[in-house]
Amino acid sequence: MALLNFRRKETPAAPAAAPAAVEAFLKGFSIEVMPRTAEKVENFRDLLPRGTRVYIAHIDGTPIEDMVATAKRLHAEDFPVMPHFPARIIKDKAMLADWIARYRGEADVKQGLMLAGGVAQPAGEFDSSMKLLETGLFDGFERLHVAGHPEGNKDIDPDGSDRMVMEAARWKQAFAERTDAKMAMATQFCFEAKPVIDWVNRLNAEGIRLPVHIGVAGPAKLQTLIKFAIACGVGPSLRVLQKRAMDVTKLLLPYEPDDFVADLAAHKAAHPEFGIEAVHFFPLGGIKTNATWAIEHGGKSAVPASQA
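Q: Go over empty space enclosed by the protein, please, and point to the residues and values.
A: A water-sized probe, rolled over the atoms, reveals where empty space remains. Across all of its chains, the model carries one cavity of 30 Å³ or more by this definition. Lining the largest cavity are Ala147, Gly148, His149, Val165, Met166, Ala169, Lys172, Met185, Trp199 and Leu203. Among the secondary structure elements, those contributing two or more residues to the lining of the largest cavity are β5 (143-148), α6 (163-176) and α7 (193-205). The element that contributes the greatest number of residues to the lining of the largest cavity is α6, accounting for four residues. Looking at the lining of the largest cavity residue by residue, the class counts come to seven nonpolar, two polar and one charged.

Q: Please provide a residue-by-residue account of the nonpolar core, values included.
A: Counting 80 residues, the largest nonpolar core has Phe85 and Ile214 as its most contacted members. With six residues, α7 is the single largest residue contributor to this core. Excluding residues that lie within four positions of it along the chain, Ile214 makes contacts with Phe25, Pro150, Thr187, Val196, Phe260, Leu264, Ile276, Ala278, Val279 and His280. Formed by six residues, the second largest nonpolar core is a distinct cluster that contains Tyr55, Met82, Leu113 and Ala147.

Q: Before we move on, could you go through the packing of helix α1 (residues 19-26) against helix α11 (residues 287-298) and cite the residues and values that matter?
A: At a minimum axis separation of 8 Å, α1 and α11 run at an interaxial angle of 130°. Relative to α11, α1 is oriented oblique. Side by side, α1 and α11 meet where Val22, Glu23 and Leu26 of the first sit next to Trp293, His297 and Gly298 of the second. Looking at the contact of α1 with α11 residue by residue, the classes come out as three nonpolar, two polar and one charged.

Q: Pulling in residues and values, what's your account of unusual backbone geometry?
A: The backbone phi angle of Asp78 is positive, close to 75°, even though this residue is not glycine. If you trace the backbone, Asp78 turns up in the loop between α3 (64-76) and β3 (81-86). At Asp108, a residue that is not glycine, the phi angle is positive and equals roughly 55°. Judged by relative accessible area, Asp108 falls into the partly exposed class, the value being 38%.

Parameters at a glance
- Going along each chain's sequence as written, the residues are numbered from 1 onward.
- Owing to the predicted nature of the model, reporting of local features is limited to residues with pLDDT of at least 70; listing and counting of side-chain atom pairs is limited to 80 or more, with chain, interface and lining totals taken over all residues.
- In computing side-chain values, all of the structure's heavy atoms are included and hydrogens and water are not.
- A pocket, in this scheme, is an open set of points on a 1 Å grid over the protein atoms alone with protein on both sides within 12 Å along at least 5 of 7 lines, while a cavity is a set where a 1.4 Å probe fits but cannot get out; residues line either one if an atom lies within 4 Å of a point.
- Grid points are joined across faces, edges and corners, and a volume is the space filled by probe spheres set on the points.
- In DSSP terms, a helix is any run of H or I states spanning at least four residues, a strand is any run of E spanning at least two, and both are numbered starting from the N terminus.
- Amino acids outside the nonpolar list (Ala, Val, Leu, Ile, Met, Phe, Trp, Tyr, Cys, Pro) and the charged list (Asp, Glu, Lys, Arg) are all regarded as polar, and Gly is one of them.
- Residues grouped as a nonpolar core are buried Ala, Val, Leu, Ile, Met, Phe, Trp, Tyr and Cys residues, joined through side-chain atoms within 4.5 Å.
- Think of it in three bands: with a 1.4 Å probe and only protein chains considered, a residue is buried below 20% of the maximum accessible area for its type, exposed above 50%, and partly exposed in between.
- Contacts are assigned to residue pairs that have any heavy atoms within 4.5 Å of one another.
- To get an axis, a line is fitted to the C-alpha atoms, and for a helix only the part in contact is used. The angle between two axes follows their N-to-C directions and goes from 0 to 180 degrees.
- Angles are sorted into four bins: roughly parallel if under 35 degrees, roughly antiparallel if over 145, roughly perpendicular if 65 to 115, and oblique for all others.

This is the structure:
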């Protein structure tokens, strides 16, 4: 059980961000839902500020009808919708065209997240986000996001390097330079600021200037986070959860992203040109729980639409 081989070495804590810096950092955050989790929310306007971008995760096996119905519902509540387009579960160009037509026709969708998708064997001709973009079917979309991997991705680079990940990032930068759509890189969630800061700075050094929307795991039970972190291939920052699991006084308490967000907010406040543009929440402990945390930390810009 390698996960339990915890080390007790302490590292100095980064200076905490002032509440104002955290509020500024959280302004314009986005959040991710699935059709089955969205069904549990009576009214998103009671939880999210006006204009919050809501991603709809497309898990393999989810009917497109459910995805479109969720997008239609969120659009009716005045939230911009960004459905996932996972390349490896889309059989062919005709299927992709049908999805896009449904989203646009029924929910006025103008944004999309392109990603390879978490299945090993492609269902058809697409195995990467680049191949989706190359179809030209997303012409007319106002915003196109692509996936980012601050701690690497072993599905893409099985050798543990980031060679192919960085090559893909360079391709995405080149595509951004020839499209009218606004582009950004939405990342996997992490738990430690330093690897994220180093990765964003490396992107910049490589000439990759896509704005980063950093993935943040919302409040959740520690066991839940460890399970998702391992399944999603979270890298070295997993040690933050390992350290917490070692502390019996915190083992049963929910994890909250206070330190991670505060450290990144402090860095952004000190370096305004730093490439993180927004926070993207993965509500692993529930949408209401995540929204409550954002409301408590986000200040005026996090006030739910129904209360604004």
